[in-house]
Amino acid sequence: MSLPQRNICLTIAYDGRDFYGWQRQPNGRTVEGVLRHALAQLHRHPVQSIAAGRTDTGVHANGQVVNFYSDCSTIPAAKFREALNSLLPPDIRILASQEVPQHFHARRDAQRRIYSYLLYPGSLMPPRWRDYCGSCRSSLSIGELNRCVAPLVGCHDFSAFAALHHAGQNAIRTVSSACFFPRTPFVVFRIVANAFLWKMVRTIVGTLIGTTRCSAEEVSALLQRRRRSPRCQSAPSAGLYLEQVLYE
């Protein structure tokens, strides 16, 4: 078998509701597992893949980025999209495929990642949206929410907004923007950062829209405290989307 010659980059969208997250597991359907199965079918041998980020159970993606090395010389780079889509289930779609330099690494080379969280601001959520957004029973003031997230912008220790198992690990992240805006019938939270901690976005949203709302001053205090507080809640995974990964 010849050595891999081409580094292929994929842009992928998936509906996360029937997956146990991105990372392959021995028991449970995962996005990585299904993608690698399709790659193995196409190449007739196992193929390793590298993702820009690992999404959790129930989290969706509109712009996940993956690279892999291919020793298949008969498929033009742009045609990997059609070839893989013919082997993948309908809840995963390859949006684009291209050849990239040999040294390209989907995770290490990523400069910024963009996540969105969709909220339905009403007491009665239509059933068709229950797997694709979070809910907030009381009215939302977008102006107040944006004042609350303003302290998050910049380079901070985000330990207060991470899952507990991150204690003691490097939690420094740089957030370049964070804002809420309306997109009828939803309210959308969009955040851009160099990287994210596990459950960081969901905890930010859950803390801001939970039963005990946070003020901008309280958000600043949580950042300074550098440890998770009982008032920090995690919003459901259904509303979270990996929108885009940005490279130089």
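For the structure itself, look to the data block above.
The numbers attached to residues start from 1 for each chain and follow its sequence in the written order. A pLDDT threshold of at least 70 governs which residues receive local features in this predicted model, and a stricter bar of 80 or more applies before side-chain atom pairs are shown or counted, although totals over entire chains, interfaces and linings include all residues. No hydrogens and no water enter the side-chain calculation; it runs on all heavy atoms of the structure.

Participant: Could you give an account of the environment of Cys 136, with specific residues and numbers?
Facilitator: With respect to the helices and strands, Cys 136 occurs in the loop between strand E6 (134-135) and helix H3 (142-149). The spatial distance from the C-alpha of Cys 136 to the C-alpha of Arg 112 is 28 Å, given a sequence separation of 24 residues. In DSSP terms, a helix is any run of H or I states spanning at least four residues, a strand is any run of E spanning at least two, and both are numbered starting from the N terminus.

Participant: Go over helix H1 (residues 31-43), please, and point to the residues and values.
Facilitator: The length a helix should cover is 1.5 Å for every residue beyond the first. Taking 1.5 Å per residue, 13 residues should reach 18 Å; H1 reaches 18 Å between its end C-alpha atoms and fits that length. Burial classes: relative accessible area under 20% of the type maximum marks a residue as buried, over 50% as exposed, and values in between as partly exposed (1.4 Å probe, protein chains only). Within the sequence span of H1, burial applies to Val 31, Glu 32, Val 34, Leu 35, Arg 36, Ala 38, Leu 39 and His 43. The inward-facing, buried residues of H1 abut strand E1 (6-14), strand E3 (60-70), helix H2 (80-85) and strand E4 (92-100). Here a polar contact is recorded for every N or O atom pair within 3.5 Å, except that within protein the pair must consist of a potential hydrogen donor and a potential acceptor, and residues adjacent in sequence are included only if both atoms are side-chain atoms. For H1, the side-chain oxygen to backbone nitrogen distance between the N-cap and Gly 33 is 3.0 Å, and the N-cap itself is Thr 30. Directly beyond the C-terminal end of H1, a positive phi value near 70 degrees is found at Arg 44. Contacts: residue pairs with any heavy atoms within 4.5 Å of one another.

Participant: I'd like a description of the packing of aromatic side chains, backed by residues and values.
Facilitator: Two aromatic rings, drawn from Phe, Tyr or Trp (for Trp, its six-membered ring), form a pair once their centres lie within 6.5 Å of each other, and the interplanar angle then sorts them: stacked below 30 degrees, edge-to-face above 60, tilted otherwise. Tallying each qualifying case throughout the model produces 7 aromatic pairs. For the pair Tyr 14 and Trp 22, a centre-to-centre distance of 6.0 Å together with 35 degrees between the ring planes defines the contact as tilted. Taking relative accessible area as the criterion, Tyr 14 reaches 5% and is therefore assigned buried. Residue classification places Trp 22 among the buried positions, given a relative accessible area of 2%. A centroid spacing of 5.1 Å and a plane angle of 80 degrees characterise the contact between Tyr 115 and Phe 196, whose relative ring orientation is edge-to-face. Separated by 81 residues along the polypeptide, Tyr 115 in strand E5 (residues 112-120) and Phe 196 in the loop between strand E9 (186-193) and helix H4 (200-209) bring together distant segments of the chain.

Participant: Which residues make up the environment of Glu 218, and what values do they have?
Facilitator: Secondary-structure assignment places Glu 218 in helix H5 (residues 216-225). According to the relative accessible area criterion, Glu 218 is partly exposed, its value standing at 30%. For the pair formed by Glu 218 and Leu 42, sequence separation is 176 residues and the distance between their alpha carbons is 52 Å.

Participant: Explain the nonpolar core residue by residue, including any values.
Facilitator: Of all hydrophobic cores here, the largest spans 70 residues; its most connected members are Phe 161, Phe 189, Ile 191 and Leu 208. Each residue touching Phe 161, except ones within four places of it in the same chain, is listed here: Leu 152, Lys 199, Met 200, Thr 203, Ile 204, Thr 207, Val 219, Leu 222, Leu 223 and Arg 228. Only buried residues count toward a nonpolar core. Its members are Ala, Val, Leu, Ile, Met, Phe, Trp, Tyr and Cys residues joined through side-chain atoms within 4.5 Å.

Participant: Quick one: what's the story with H5, residue by residue and with numbers?
Facilitator: By the burial criterion, the buried members of H5 are Ala 216, Val 219, Leu 222 and Leu 223. Around the axis of H5, the buried residues are gathered within 120 degrees of arc, so they sit on the same side. Opposite the packed face of H5, turned more than 90 degrees from it, sit the exposed residues Glu 217 and Gln 224. Arg 226 lies just past H5 and shows a positive phi near 65 degrees. The reported arc concerns the directions from the helix axis to the C-beta atoms and nothing else.

Participant: Lay out the pattern of salt bridges in plain terms, naming residues and giving numbers.
Facilitator: Salt bridges are defined as contacts in which a side-chain nitrogen from Lys or Arg sits within 4 Å of a carboxyl oxygen from Asp or Glu. One pass over the full model with this rule turns up 8 salt bridges. Across the pair Arg 17 and Asp 131 runs a salt bridge whose closest N-O atoms are separated by 3.8 Å. Of this pair, Arg 17 sits in the loop between E1 and H1 while Asp 131 is found in the loop between E5 and E6, placing the two residues 114 residues apart along the sequence. Taking relative accessible area as the criterion, Arg 17 reaches 44% and is therefore assigned partly exposed. Of the charged contacts, one joins Arg 29 and Asp 91 as a salt bridge, the two residues approaching to 2.9 Å between their closest N and O atoms. Of the two residues, Arg 29 sits in the loop between E1 and H1 while Asp 91 sits in the loop between H2 and E4, which places them 62 residues apart along the sequence.

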